[in-house]
Amino acid sequence: MSTASATVVVALINHHATSGAEKLKPRALSSHHNPFAKKALHISRFYAPSNRTFHKHLTGVKFRRSFSPVMEWQDCTVKKELDVPISVAYKCYSDREAIPEWMPFISSVKILEDKPDLSRWALKYKAFGRDIEFSWLARNMQPIPNQKIHWRSLEGLPNRGAVRFFPKSAGSCLVELTVSYEVPPLLTPVASALQPFLESLLVRGLERFAQFAKTYSTESTA
């Protein structure tokens, strides 16, 4: 064999050896080329949080997983001017156990004897073609005398709210009531009508409260 021929043979051997080594090098895993990476990607997407019901195919098996939607909260705010001093309105509204006397849908309020900042509330009202009943335990937060009373529920029907008092004159004030609540599953089908309906009840409640405050006894406001 001539020197030139030997050189060609050696070059060919080196070329095949290099190609084989390249084929043996580990390749980075990619979801485009690796079926296991694709399967892992499908799994991560399948268990990703979602508010929708969806379907996935994984290893030939059809999976279906439902996630409950976040419950809807609604807010209502109503105002009413009262012809009583702000101190009388504040003291009158602070009498929680008297609230059923003027708020249409509240049937009872009971303050816990050992924990006066806690109270049990019951709601009863006929609306939307059914008898509606709910209850909850509420905590009155630290009030600001003659300015603000606010609360939040601890158990039962989720709700929170605040009553604010604004002076108008020596013998009158403005009361602003804000109530926020989670729409109960029972009333989800009528959720769009619930807010204006409750707002009308709160307006009626403050109108009755205005009359109630006028007749509030001197002993209870002392």
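Because the structure is a prediction, the values reported are computed rather than measured. (Residues numbered from 1 in each chain as written. Predicted model: local features only at pLDDT ≥ 70, side-chain atom pairs only at ≥ 80, totals over all residues. Heavy atoms only, no water.)

Trainee: Please set out the overall build of the protein chain residue by residue, giving values where relevant.
Mentor: Along its length, the protein chain carries 5 helices and 9 strands. Counted from the first residue to the last, the protein chain has its helices and strands arranged as α-α-β-β-β-α-β-β-β-β-β-β-α-α. Counting only residues that meet the buried cut, the protein chain has 31% of its 222 residues in that class. When contacts within the protein chain are restricted to residue pairs at least 6 apart in sequence, long-range pairs at least 24 apart make up 46% of them. For the protein chain, the computed accessible surface area is about 14400 Å², with 56% contributed by carbon and sulfur atoms. (Helix = DSSP H or I, 4+ residues; strand = E, 2+ residues; numbered from the N terminus. Buried < 20%, exposed > 50% of the residue type's maximum accessible area, 1.4 Å probe, protein only. Contact = heavy atoms within 4.5 Å. Areas by Shrake-Rupley, 256 points an atom, 1.4 Å probe, with all protein chains shown as cover.)

Trainee: Describe the environment of Q147, with residues and values.
Mentor: Relative to the helices and strands, Q147 resides in the loop between β6 (130–140) and β7 (148–156). Through-space distance from the C-alpha of Q147 to that of V163 is 8.2 Å; in sequence the pair is 16 residues apart. Excluding residues within four positions of it along the chain, Q147 makes contact with Y90, V163, R164 and F165.

Trainee: Lay out the pattern of salt bridges in plain terms, naming residues and giving numbers.
Mentor: With the rule as written, the count across this model stands at 4 salt bridges. Across the salt bridge formed by R139 and D117, the nearest N and O atoms sit 3.3 Å from each other. Residue R139 is found in strand β6, and its partner D117 is found in the loop between β4 (106–111) and β5 (118–127); the two are separated by 22 residues along the sequence. The partly exposed category is assigned to R139, whose relative accessible area is 31%. Residue D117 is classed as partly exposed on the basis of its relative accessible area of 30%. With its nearest N and O atoms 3.6 Å apart, the salt bridge here joins K126 to D131. Of the residues examined, K126 reaches a relative accessible area of 58% and is grouped as exposed. (Salt bridge = Lys/Arg side-chain N within 4 Å of Asp/Glu carboxyl O.)

Trainee: Now, about the nonpolar core: what can you tell me, with residues and values included?
Mentor: If you look at soluble globular proteins, the nonpolar side chains tend to sit buried side by side. In terms of nonpolar packing, the biggest core is built from 47 residues, with L82, Y93, F165, V175, L177 and L202 touching the most fellow members. Ranked by residues supplied to this core, first place goes to helix α4 (residues 191–214) with 10 residues. (Core = buried A, V, L, I, M, F, W, Y, C linked by side-chain atoms within 4.5 Å.)

Trainee: Give me the packing of helix α3 (residues 86–94) against α4: which residues, what numbers.
Mentor: For the pair α3 and α4, interaxial distance at closest approach is 10 Å and the crossing angle is 110°. Looking at the two axes, α3 sits roughly perpendicular to α4. Here V88, A89, C92 and Y93 of α3 come into contact with α4, specifically with F209, F212 and A213. Taken together, the residues of the contact of α3 with α4 break down into 7 nonpolar, no polar and no charged. (Axes fitted to C-alpha atoms, helices over the stretch in contact; angles between N-to-C directions. Parallel < 35°, antiparallel > 145°, perpendicular 65-115°, else oblique. Nonpolar A, V, L, I, M, F, W, Y, C, P; charged D, E, K, R; others polar.)

Trainee: Kindly report on the sheet that holds β7, identifying the contributing residues and their values.
Mentor: Hydrogen bonding along the main chain pairs the strands of a sheet, whether they run parallel or antiparallel. Strand order in the open sheet formed by 7 strands is β3-β9-β8-β7-β6-β5-β4, and the pairing between neighbours is antiparallel. Since the sheet does not close on itself, it has two edges, and those belong to β3 (73–82) and β4, each with one partner. Adjacent strand axes in the sheet meet at a mean angle of 20°, parallel and antiparallel pairs treated alike. One ladder, built from 10 bridges, connects β5 with β6; its direction is antiparallel. By the bridge assignment, A127 is partnered in β6 with R130. In this fold α3 packs onto β3, β7, β8 (159–169) and β9 (172–182), with an angle of close to 160° to the strand it touches most, β8. (Pairing = 2+ DSSP bridges.)

Trainee: Provide a residue-level description of the packing of aromatic side chains, including the pertinent values.
Mentor: Enumeration over the complete set of coordinates arrives at 9 aromatic pairs. Between W121 and W136 the ring centres are 6.0 Å apart and the planes differ by 15°, which places this aromatic pair in the stacked class. One end of the pair, W121, is in strand β5; the other, W136, is in strand β6, with 15 residues separating them in the sequence. Each member of the pair, W121 as well as W136, is classed as buried. Aromatic rings pair up to connect Y90, Y93, W102, F165 and F209 into one cluster. Over the ring of W73 we find R160; its NZ or CZ atom is 4.2 Å from the centre of that ring. (Phe/Tyr/Trp six-rings, centres within 6.5 Å; stacked < 30°, edge-to-face > 60°. Lys NZ or Arg CZ within 6 Å of the ring centre and 35° of its normal.)

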